[in-house]
Amino acid sequence: MRVMPKPIHSPKIKKSRWFRVRVGVTAQLGVLLAVLWTGATRADLIGHGGMVRAIDVAPDGRTVLTGSFDFTVRLWDFGTQTEKAVLDGHEGPVTSASFFPDGKHAVTTSDDRRAIIWNVQTGKSERRLEGHRHKVMAAAVSSDGALVATGSWDMTVHIWDAATGKSIRVIDLRTPVNDVAFVAGGAGGKEKWLAAGGHDGKITLWRVADGKFEGVLEGHVRGISKMSASSDGRRLVSASIDRTIRLWDVPGMKELKVLQHSDDRAGQVYSTDISPDGRRALSAGKDGRIMVWNLDTGQVLQTIPAHTKIIWAVGFTPDGRFALSGSSDEKAAVWHLETGDRIGLTGDEKDEPQPWLESAHPGAKLFTKCAPCHALNAAANRRSGPHFKGLWGRRVGSVSDYNYSGALKGKEFIWNEKTLFDLFHQGPDKYLPGTKMPVQLVPDDEQLAQLIDYLRVLTGPKGN
């Protein structure tokens with residue numbers, strides 16, 4: 001008997017091209033209205049016309065991949081939270097989306113019974129992986145990018161050659177599969193095994209080389225919804241609709257910790273992720289909260305009331321500073337994990353001047369990347385970054401009512417031409433490790449000088 005929730009779409013919707021076009025038009029109209037209303041600055045990763053079911057971040061941390069019920073996959077610039085491309089190739093809701101290790105390719109899965117390997121740089125599909133007889137719920141990519149594994153409700157796992165798109169092996173299970181992950185197992189074996197999480201609450205382990213069954217991880221009492229393996233593949237975090245996430249020692253086939261996301265019936269967990277250093281985990285699901293866990297102690301580090309609707313997908317950025325979430329509210333959002341603050345959230349900007357939109361200054365165009373997170377005036381609606389009034393010559397971390405991260409504690413420098421140049425030239429993650437500011441690099445020195453001069457014009461004595 002299946003223990004997962006019923007599919008959230010109807011077969012009629014899945015087959016209707018008219019519905020697909022209508023959803024896309026509605027989504028773009030919503031984005032247009034948002035842009036007109038806020039003066040070209042908007043919050044979050046908005047553009048999908050359906051719930052966001054999947055999310056991943058490129059290895060370099062600069063690009064976000066989201067998949068949705070609207071049948072599309074979208075690429076976003078992480079720093080500006082602006083849409084870069086729409087990958088349109090599926091004929092059903094998208095169920096998972098993952099980057100390859102090279103960051104140049106991605107694989108997505110769908111209710112349409114197929115997986116697609118995309119060239120992220122061109123936005124074109126390169127290979128279609130076809131052979132499943134039911135919706136494909138998940139895909140995993142091996143650390144060398146050579147193999148792709150897919151899991152389906154047809155009770156099979158397929159292993160594919162990523163270069164050719166040919167099926168190498170089919171593994172038959174006794175339950176529908178919701179997620180797959182390459183893990184370490186056997187003698188000295190990084191990624192010698194494949195983990196498959198099923199509706200029956202069990203995680204079965206299979207040898208990649210020949211498909212031989214190696215064992216099972218048992219503990220969850222209801223279906224597995226998501227899994228995430230550590231970078232060395234030796235530990236696995238699993239999420240379940242039994243309201244828990246669990247930490248496993250894969251080679252030893254042992255359960256290490258049980259982390260209770262919620263005691264409430266609304267606490268079903270639909271997504272989890274393990275941090276790049278393997279010491280933290282995220283859990284999120286039906287209650288709209290993101291919980292950040294210390295895997296060494298089992299304690300909750302942070303609880304973020306992220307969405308008012310279900311969170312279907314959650315993940316760390318490669319540097320571990322931020323989490324991203326995808327929800328039934330049709331949005332993806334970015335969160336600073338130390339403070340729990342939303343990054344890029346804007347208020348109602350109708351009454352605030354936006355001089356950069358009409359300025360002929362060569363730095364004004366680059367300032368549009370700063371505008372979503374920073375108001376010009378102290379009286380403006382709060383943003384995710386401190387306001388810019390009096391920025392030029394202001395001591396770092398000195399806006400009295402702003403919730404700064406610990407990265408600025410003990411810092412005494414002032415913002416001027418040199419410090420601003422260093423910030424954008426090195427990147428916030430290098431200049432102020434742990435800061436809430438996403439990575440915003442301006443590699444062109446001439447353009448950076450123009451941006452800094454425009455910041456002086458806007459925020460110096462004559463600019464305020």
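Anything mentioned here points back to the structure above.
Model, not experiment: these values are computed from the prediction.

Trainee: I'd like a description of the overall build of the protein, backed by residues and values.
Mentor: From N to C terminus, the protein includes six helices and 29 strands. Classification of the 464 residues of the protein by burial places 57% in the buried group. Contacts in the protein between residues far apart in sequence, at least 24 positions, make up 46% of those at least 6 positions apart. Carbon and sulfur atoms form 51% of the exposed surface of the protein, whose accessible area is close to 19,900 Å².

Trainee: I'd like to hear about the sheet that holds strand β5 (residues 82-87), residue by residue, with values.
Mentor: Pairing within the open sheet is antiparallel, and its four strands lie in the order β2-β3-β4-β5. Strand pairing shows two members of the sheet lacking a second neighbour, β2 (52-57) and β5, which therefore form its edges. With direction set aside, neighbouring strand axes in the sheet form an average angle of 25 degrees. As paired strands, β2 and strand β3 (residues 63-68) are joined by five bridges and run antiparallel to one another. Along β3, the bridge assignment pairs V57 with V64.

Trainee: Could you give an account of the pairing of strand β24 (residues 289-294), naming the residues involved and the relevant values?
Mentor: The buried fraction of β24 amounts to five of the six residues, a majority that puts the element mostly inside the structure. By the bridge criterion, five bridges tie strand β23 (residues 280-285) to β24 in an arrangement that is antiparallel. Pairing of S283 across the sheet is with M291, part of β24. For β24 and strand β25 (residues 300-305), the ladder comprises five bridges, and the chain directions are antiparallel. For W293, the partnering residue across the bridge sits in β25 and is V300. From the end of β24 to the start of β25, which pair antiparallel, there are five residues, and G298 there has a positive phi angle of about 80 degrees.

Trainee: Can you break down helix α4 (residues 417-426) residue by residue, with the values?
Mentor: The set of residues buried in α4 consists of T419, L420, D422, L423 and F424. Residues of α4 that are buried make contact with α5 (428-431) and α6 (445-459). One or two residues past the end of α4 sits G427, with phi positive at roughly 100 degrees.

Trainee: Quick rundown of the pattern of salt bridges? Include the residues and the values.
Mentor: Using the criterion set out here, one finds 17 salt bridges in the structure. Between D319 and R321 there is a salt bridge, with its nearest N and O atoms 2.9 Å apart. D319 gets classed as partly exposed once you look at its relative accessible area, which sits at 38%. One salt bridge in this structure joins D422 and K418, with 2.8 Å as the shortest N-O distance. Separated by four residues within a single helix, D422 and K418 lie in helix α4, roughly one turn from each other. Several salt bridges converge on common partners, so that one network encompasses D70, R74 and E83.

Trainee: Hey, could you go over the sheet that holds strand β6 (residues 94-99) for me, with residue numbers and the actual values?
Mentor: Taken in spatial order, the four strands of this open sheet run β6-β7-β8-β9, and their pairing is antiparallel. Whereas interior strands pair on both sides, the edge strands pair on one side only; in this sheet they are β6 and β9 (124-130). The average undirected angle you get between the axes of adjacent strands in this sheet is 20 degrees. Strand direction decides the pairing type here: strand β8 (residues 114-119) and β9, joined by six bridges, are antiparallel. If you follow I117 over to β9, its bridge partner there is R127.

Trainee: Account for the environment of G288, naming residues and giving values.
Mentor: Positionally, G288 belongs in the loop between β23 and β24. Distance in space between the C-alpha atoms of G288 and I310 is 5.0 Å, their sequence separation being 22 residues. For G288, the contacting residues outside a window of four places in its chain are I304, P305, A306, H307, K309 and I311.

Trainee: Please provide a residue-by-residue account of the packing of aromatic side chains, values included.
Mentor: Counted under the stated rule, the structure contains eight aromatic pairs. A centroid spacing of 5.6 Å and a plane angle of 65 degrees characterise the contact between F78 and F322, whose relative ring orientation is edge-to-face. Taken as a pair, F78 in the loop between β4 (73-77) and β5 and F322 in strand β27 (residues 322-327) lie far apart in primary sequence, 244 residues in all. Their ring planes at 75 degrees and their centres at 5.8 Å tell us that F367 and Y454 sit as a pair that is edge-to-face. Here F367 is found in helix α3 (residues 364-367), whereas its partner Y454 is found in helix α6, with 87 residues between them in sequence. We note that F367, like Y454, is buried. One aromatic cluster in this structure is built from W356, F367, F388 and Y454.

Trainee: Which residues make up the packing of α4 against α6, and what values go with them?
Mentor: Contact geometry of α4 with α6 gives a least axis separation of 10 Å together with a crossing angle of 130 degrees. Comparing their axes, α6 and α4 come out oblique. Like other packed secondary-structure pairs, α4 and α6 cross with a definite hand, here right-handed. Residues E417, L420, F421, F424 and H425 of α4 pack against D445, L448, L451, I452 and L455 of α6. Residue classes in the contact of α4 with α6 are distributed as seven nonpolar, one polar and two charged.

Trainee: Report on the environment of G320, specifying residues and quantitative values.
Mentor: Relative to the assigned elements, G320 resides in the loop between β26 (311-316) and β27. When the C-alpha positions of G320 and G278 are compared, they lie 10.0 Å apart, and in sequence the two are 42 residues distant. Setting aside chain neighbours within four positions, we find G320 in contact with P276, R280 and L337.

Rules of the game
Residues numbered from 1 in each chain as written. Predicted model: local features only at pLDDT ≥ 70, side-chain atom pairs only at ≥ 80, totals over all residues. Heavy atoms only, no water. Helix = DSSP H or I, 4+ residues; strand = E, 2+ residues; numbered from the N terminus. Buried < 20%, exposed > 50% of the residue type's maximum accessible area, 1.4 Å probe, protein only. Contact = heavy atoms within 4.5 Å. Areas by Shrake-Rupley, 256 points an atom, 1.4 Å probe, with all protein chains shown as cover. Pairing = 2+ DSSP bridges. Axes fitted to C-alpha atoms, helices over the stretch in contact; angles between N-to-C directions. Salt bridge = Lys/Arg side-chain N within 4 Å of Asp/Glu carboxyl O. Phe/Tyr/Trp six-rings, centres within 6.5 Å; stacked < 30°, edge-to-face > 60°. Parallel < 35°, antiparallel > 145°, perpendicular 65-115°, else oblique. Left-handed = near helix turned anticlockwise from the far one by under 90°. Nonpolar A, V, L, I, M, F, W, Y, C, P; charged D, E, K, R; others polar.

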